[in-house]
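Given next are the chains, with one letter for each unit.
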Amino acid sequence: MYKILIIEDDEIIVQIVKRHLESWGYEVFQIEDFTHVIQEFVQKDPQLVLLDLKLPFFNGFHWCEEIRKISQVPVMFLSSAADNMNMVMAMSRGADDFIAKPFDLDVLTAKVQAVLRRTYAFGQNNSLLERGGVVLNPGNGTISVNGKLADLTKNELKILQILFEHQGHVVSRESIMTKLWESDSFVDDNTLTVNITRIRRKLEGLGVENFIITKKGLGYMV
């Protein structure tokens, strides 16, 4: 079931769109706090965002840019300000479509289906993982903190995925190396230490220290 996040402050429009899309089998959420849009986006981890242009505090252009810093999830604008300039600005900030209000619900559904089909037809993994304010994006191999981004190598990404999935629990070095070997990443004890050190440096570059904790004789945990 695809998850859709609506970032819209008109409650009537939200409920109409929500009920309609839910009738098509989608799981639909709405933003509750317009001061913490990115935090809610990460928590909900949607496969599609429907975004209004005029919003409290910051407009839709701002939030589209912020989403693009951490995710390639498709974003569709819904707005009554559907002049050419706004459409161009939306696309230049990473939007996938722009639908003018008022819109026909069946047309909206068709566009939603088309965007989802194009984006996920080949099974790309866009699921975000968030731990302690650090966002891991397996889809593009990055970590980000408050919009600041760092690229990860293949092994760094896999190591962080393992640690994120076992948050609060110690993962032994042997377990990490076994999982990496199972995925054809041939990592020995020395290489694992080097990778952990590199990940820590990247996190420190994003302003995060002591994120990966070493439990002597046991392994690592976040």
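In case you missed it, the structure is sitting above this.
Cut-off values and rules
Residues numbered from 1 in each chain as written. Predicted model: local features only at pLDDT ≥ 70, side-chain atom pairs only at ≥ 80, totals over all residues. Heavy atoms only, no water. Helix = DSSP H or I, 4+ residues; strand = E, 2+ residues; numbered from the N terminus. Buried < 20%, exposed > 50% of the residue type's maximum accessible area, 1.4 Å probe, protein only. Contact = heavy atoms within 4.5 Å. Areas by Shrake-Rupley, 256 points an atom, 1.4 Å probe, with all protein chains shown as cover. Lys, Arg positive; Asp, Glu negative; His and termini not counted. Charge placed at Lys NZ, Arg CZ, Asp CG, Glu CD. Pairing = 2+ DSSP bridges. Axes fitted to C-alpha atoms, helices over the stretch in contact; angles between N-to-C directions. 1 Å grid on protein atoms, 1.4 Å probe; cavity = no way out; pocket = protein on both sides within 12 Å on 5 of 7 lines; lining within 4 Å. Points joined across faces, edges and corners; volume = space filled by probe spheres on them. Nonpolar A, V, L, I, M, F, W, Y, C, P; charged D, E, K, R; others polar. Core = buried A, V, L, I, M, F, W, Y, C linked by side-chain atoms within 4.5 Å. Expected span 1.5 Å × (residues − 1). Polar contact = N/O pair within 3.5 Å; in protein donor to acceptor, adjacent residues only side chain to side chain. Parallel < 35°, antiparallel > 145°, perpendicular 65-115°, else oblique. Left-handed = near helix turned anticlockwise from the far one by under 90°.

A. Structural view of the overall build of the protein chain. A tally of regular secondary structure across the protein chain gives eight helices and 11 strands. For the C-alpha atoms alone, the extent of the protein chain along its principal axes is close to 60 × 30 × 25 Å. For the protein chain, the residues scored as buried account for 49% of the 222 residues in total. In the protein chain, the share of contacts with a sequence separation of at least 24, taken over all contacts with a separation of at least 6, comes to 59%. Summed over all atoms, the accessible surface of the protein chain reaches about 11,300 Å², with 51% contributed by carbon and sulfur. Between the averaged position of the 24 positive side-chain charges in the protein chain and that of its 29 negative side-chain charges there is a distance of 6 Å.

B. Seen up close, the sheet that holds strand E7 (residues 134–137). Taken in spatial order, the four strands of this open sheet run E6-E7-E8-E9, and their pairing is antiparallel. One side of each edge strand has no neighbouring strand; the edge strands of this open sheet are strand E6 (129–131) and strand E9 (148–151). Adjacent strand axes in the sheet meet at a mean angle of 20°, parallel and antiparallel pairs treated alike. The pairing of strand E8 (residues 142–145) with E9 spans four bridges and is antiparallel. Looking across to E9, one finds that threonine 142 is bridged to aspartate 151.

C. Highlighting the layout of surface pockets. Approximately 370 Å³ is the volume found for the largest pocket. Elements represented by at least two residues in the lining of the largest pocket include exactly helix H2 (37–44), helix H3 (60–70) and E8. With five residues, the top contributor of residues to the lining of the largest pocket is H2. Taken together, the residues of the lining of the largest pocket break down into 10 nonpolar, nine polar and two charged.

D. Summary view of the nonpolar core. In this structure, Ile7, Phe41, Val49, Leu50, Leu51, Phe77 and Val112 are the most contacted members of the largest nonpolar core, which totals 44 residues. Contributing elements (two or more residues each) for this core: strand E1 (3–7), helix H1 (11–23), H2, strand E3 (48–52), H3, strand E4 (75–79), strand E5 (97–100) and helix H5 (105–120). Other than its neighbours up to four places away in sequence, valine 49 contacts Leu5, Ile7, Phe41, Ile67, Val73, Pro74, Val75 and Met76. Core analysis: the next-biggest nonpolar cluster, separate from the first, contains 27 residues, Val171, Met177, Ile196 and Tyr220 among them.

E. Representation of the sheet that holds E5. Taking strand neighbours across the sheet as the criterion, the five strands line up as E2-E1-E3-E4-E5 in an open arrangement whose pairing is parallel. In this open sheet, the two edge strands, each paired with only one partner strand, are strand E2 (27–30) and E5. Each neighbouring strand pair of the sheet contributes to a mean axis angle of 20°, computed without reference to strand direction. Two strands pair when backbone bridges link them, and E1 and E2 are joined in this way by four bridges, in the parallel orientation. From the neighbouring strand, isoleucine 4 faces E2, where its bridge partner is valine 28. Running at roughly 150° to E5, helix H4 (residues 84–92) makes contact with E4 and E5 of the sheet.

F. Inspection of helix H6 (residues 154–165) at higher detail. Its 12 residues give H6 an end-to-end C-alpha distance of 17 Å, which sits within 8% of 16 Å, the value for a rise of 1.5 Å per residue. When you tally the buried positions in H6, you get 10 out of 12 residues, the bulk of the element.

G. Inspection of the side chain of glutamate 66 at higher detail. When you line up the elements, glutamate 66 lands in helix H3. Under the relative-accessibility criterion, glutamate 66 is labelled buried at 18%. Only 2.8 Å separates the side chain of glutamate 66 from the side chain of lysine 69, close enough to count as a polar contact.

H. A look at the packing of H1 against H5. At a closest axis distance of 11 Å, the pairing of H1 and H5 adopts a crossing angle of 60°. Classified by the angle their axes make, H1 and H5 are oblique. As for the relative orientation of H1 and H5, their crossing is right-handed in sense. Residues Ile16, Val17, His20 and Leu21 of H1 touch H5, and the partners they reach there are Leu105, Asp106, Leu108 and Thr109. When its residues are assigned to classes, the contact of H1 with H5 shows five nonpolar, two polar and one charged.

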